[in-house]
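# Tertiary structure, described
The lines below spell out each chain.
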Amino acid sequence: MKFRSTALVKGFRQSAPYLNAHIGKTIVIMVGGEAIAHENFSHIVNDIALLNSLGLRIVMVYGARPQISSLAEQMNYTTPYHKGVRVTDERALEIAKQAAGHLQLDITARFSMGLNNTPMAGSQINIVSGNFVIAQPLGIDDGVDYAHSGRIRRIDTEAIHRQLDQRAIVLLGPIASSVTGECFNLTSEEIATQLAIKLKADKLIGFCSEQGVLDSEGSVVSEMLPIEAEHALQRLVELQQEERGTGRFLRGAITACRAGIPRSHLISYKEDGALIQELFSLDGIGTQIVMESAEQVRQATIDDIGGILELIRPLEQDGILVRRSREQLEQEVEQFTIIERDGLIIGCAALYPFPDERMAEMACVAVHRDFRDGDRGALLLNQLKQQAKRMGLAYLFVLTTRSLHWFREQGFSESSVESLPVAKKALYNFQRRSKILILDL
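Reading the values: rules and limits
Residues numbered from 1 in each chain as written. Predicted model: local features only at pLDDT ≥ 70, side-chain atom pairs only at ≥ 80, totals over all residues. Heavy atoms only, no water. Helix = DSSP H or I, 4+ residues; strand = E, 2+ residues; numbered from the N terminus. Buried < 20%, exposed > 50% of the residue type's maximum accessible area, 1.4 Å probe, protein only. Polar contact = N/O pair within 3.5 Å; in protein donor to acceptor, adjacent residues only side chain to side chain. Contact = heavy atoms within 4.5 Å. Core = buried A, V, L, I, M, F, W, Y, C linked by side-chain atoms within 4.5 Å. Phe/Tyr/Trp six-rings, centres within 6.5 Å; stacked < 30°, edge-to-face > 60°. Expected span 1.5 Å × (residues − 1). Pairing = 2+ DSSP bridges. Axes fitted to C-alpha atoms, helices over the stretch in contact; angles between N-to-C directions. Parallel < 35°, antiparallel > 145°, perpendicular 65-115°, else oblique. Left-handed = near helix turned anticlockwise from the far one by under 90°. Nonpolar A, V, L, I, M, F, W, Y, C, P; charged D, E, K, R; others polar.

Further remarks concern the side chain of T26. Within the fold, T26 resides in strand β1 (residues 26-31). Using a relative accessible area of 6% as the deciding quantity, one classes T26 as buried. There is a polar contact of 3.1 Å between the side chain of T26 and the side chain of R57. Sequence-distant contacts of T26, defined by excluding residues within four places in its chain, comprise R57, L164, A201, D202 and K203.

Counting 43 residues, the largest nonpolar core has V28, V59, I160, L186, L195, L250 and I289 as the members making the most contacts within it. Per element, the largest residue contribution to this core is six residues, and it comes from helix α9 (residues 245-258). With sequence-adjacent residues up to four places away left out, I289 is seen in contact with M224, A229, F249, L250, A253, C257, P262, R263 and S264. I27, I44, A96 and F111 belong to the second-largest nonpolar core, a separate cluster that totals 38 residues.

Time to look at the environment of L393. By secondary structure assignment, the location of L393 is in the loop between α13 (376-390) and β21 (395-400). C-alpha separation for the pair L393 and E357, spaced 36 residues apart in sequence, amounts to 8.2 Å. Not counting residues up to four positions away in its chain, the partners in contact with L393 are P353, P355, R358, M359, A360, A388 and L441.

Let us look at the packing of aromatic side chains. Within this structure, the stated rule accounts for four aromatic pairs. With centroids separated by 5.9 Å and ring planes inclined at 35°, the aromatic side chains of F354 and F397 adopt a geometry described as tilted. You can see F354 sitting in strand β19 (residues 344-354) and its partner F397 sitting in strand β21, a full 43 residues away along the chain. F397 matches F354 in its accessibility class, with the two residues each being buried. Linked through ring pairs, W406, F407 and F412 together constitute an aromatic cluster.

A word on the environment of P174. Looking at the secondary structure, you find P174 in the loop between β10 (169-172) and β11 (175-177). A sequence separation of 14 residues divides P174 from S188, and the C-alpha atoms of the two residues are 5.6 Å apart. Setting aside chain neighbours within four positions, we find P174 in contact with Y62, A64, A100, F184, N185, L186 and I191.

Glancing now at helix α3 (residues 41-53). In this model α3 runs 18 Å from its N-terminal to its C-terminal C-alpha over 13 residues, within 8% of the 18 Å that 1.5 Å per residue would give. Burial in α3 covers these residues: F41, I44, V45, N46, D47, I48, A49, L51 and N52. Phi for G55, located one or two positions after α3, is positive at around 100°.

The next point concerns the pairing of strand β13 (residues 203-208). In regular strands, side chains alternate between the two faces of the sheet. By the criterion of burial, β13 is predominantly enclosed, with six of the six residues buried. Neither face of β13 is exposed, since K203, I205 and F207 on one face and L204, G206 and C208 on the opposite face are all buried. Note that β1 and β13 share four bridges and pair parallel. Along β13, the bridge assignment pairs M30 with G206. In this structure, β13 lies alongside strand β15 (residues 263-268), joined through six bridges in parallel fashion.

With that settled, the discussion passes to the sheet that holds strand β18 (residues 336-341). Pairing is mixed in the open sheet, where seven strands are placed in the order β17-β18-β19-β20-β21-β23-β22. Strands with a single pairing partner mark the edges of an open sheet, and in this sheet they are β17 (295-299) and β22 (413-415). Direction aside, the axes of adjacent strands within the sheet are offset by 30° on average. As paired elements, strand β20 (residues 359-367) and β21 share three bridges and run parallel to each other. By the bridge assignment for β21, A360 is matched with L396. Its contacts with the sheet put helix α11 (residues 305-317) on β18, β19 and β20, and the angle it makes with β19 is roughly 85°.

Now for the packing of helix α7 (residues 188-198) against α9. In contact at an axis separation of 9 Å, α7 and α9 are set at 20° when each is read in the N-to-C sense. With respect to each other, α7 and α9 are oriented roughly parallel. Relative to α9, the crossing made by α7 is right-handed. Between α7 and α9, the contacting residues are E189, T193 and I197 on the first element and R248, R251, G252, T255 and A256 on the second. Classifying every residue of the contact of α7 with α9 gives two nonpolar, three polar and three charged.

Let's shift gears to the packing of helix α4 (residues 65-74) against helix α5 (residues 90-112). Two elements in contact, α4 and α5, have axes whose closest approach is 9 Å; the angle formed by their N-to-C orientations is 125°. Between α4 and α5, the angle falls in the class oblique. In this structure, α4 crosses over α5, and the sense of that crossing is right-handed. Contact residues: Q67, I68, L71 and A72 in α4; I95, A96, Q98, A99 and L103 in α5.

This is the structure we're talking about:
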């Protein structure tokens, strides 16, 4: 008998909607020098290659901060920092060029070695680097001459898009040239951030040592708005840790988010498969910085029918919900309120008013099994309560066979068939023996 992995099947099915959602999308991936030096970097390369094969348009920006520092130390040369930026004089520039050039060749080789011992064996990965970024000097600040430390002057987005159209991975490092032919040392976070903005990327992704931003108890904060990310960055400043990978990425993510990039993700370079898990699982594993919450509560439209059916079918098969046909849902879709997360419907409930009796039924309540510990049922209930109140209704009732205690906790009281509206009473199924509960609005 052959071994069958139901976990594999389940994971593949759950990832399918995300596969469809990401195909053709542009993502900028920022990989710091710390990530490149880690033993897991080979897996990160394999995962980026996999994303490229799936049709994602990828720009990879690498940093070289620890490698430059290490090489400078070997040469007994000190490169000071000012406001978190390395002051790059002539000798420091040569060291930076040597370190960055070595990394570029090494990364390209990792993608180009045929990937014979990886899941991408036999694939041809095209890596393209070039003068897509034009730099200019930072100048002098507080009397400190940054010399060959620079910032972006312009980006040739059309040339980058042409390479992405050919399914190449665009690889860019921290050294860029100017219109006068000079070279400048830039920060990888500025390059990644500005590339994401100018390319109108769908995502900016960064790697750090932790699995995202951690709260005071050491747990990962799954989602942050820009203002919340600013507070997290300020905490790092107070701890004098703002120049760590997390702080540098947060600065870029806040800028990118406010410039219109929908999602910025922070994940760990130490976790094998973190990139895949973050992009292709329901709840991800890192921290997202978003313009607005990834979850939206809204009225359903005809385009949501498929998602609602996918959500409620397992509950119908278990006898928890009364089966509804697609045709019935199409007729009643305006009665539904849904919770949508990253394009997926993870919760729904319908409101059927009986205005003559000033009552309404809350029906077809469903929350995706992976999200049932987040009070989303209560969120749907509150939305329907507000709708009923706006209609001038006085009572909300439910018929349930499994969730009696939950509805009691929400303030519902058990009642009888006689308390139902006349039209609903005539349709009551005595074989199901559903409990009837009513909430006074």
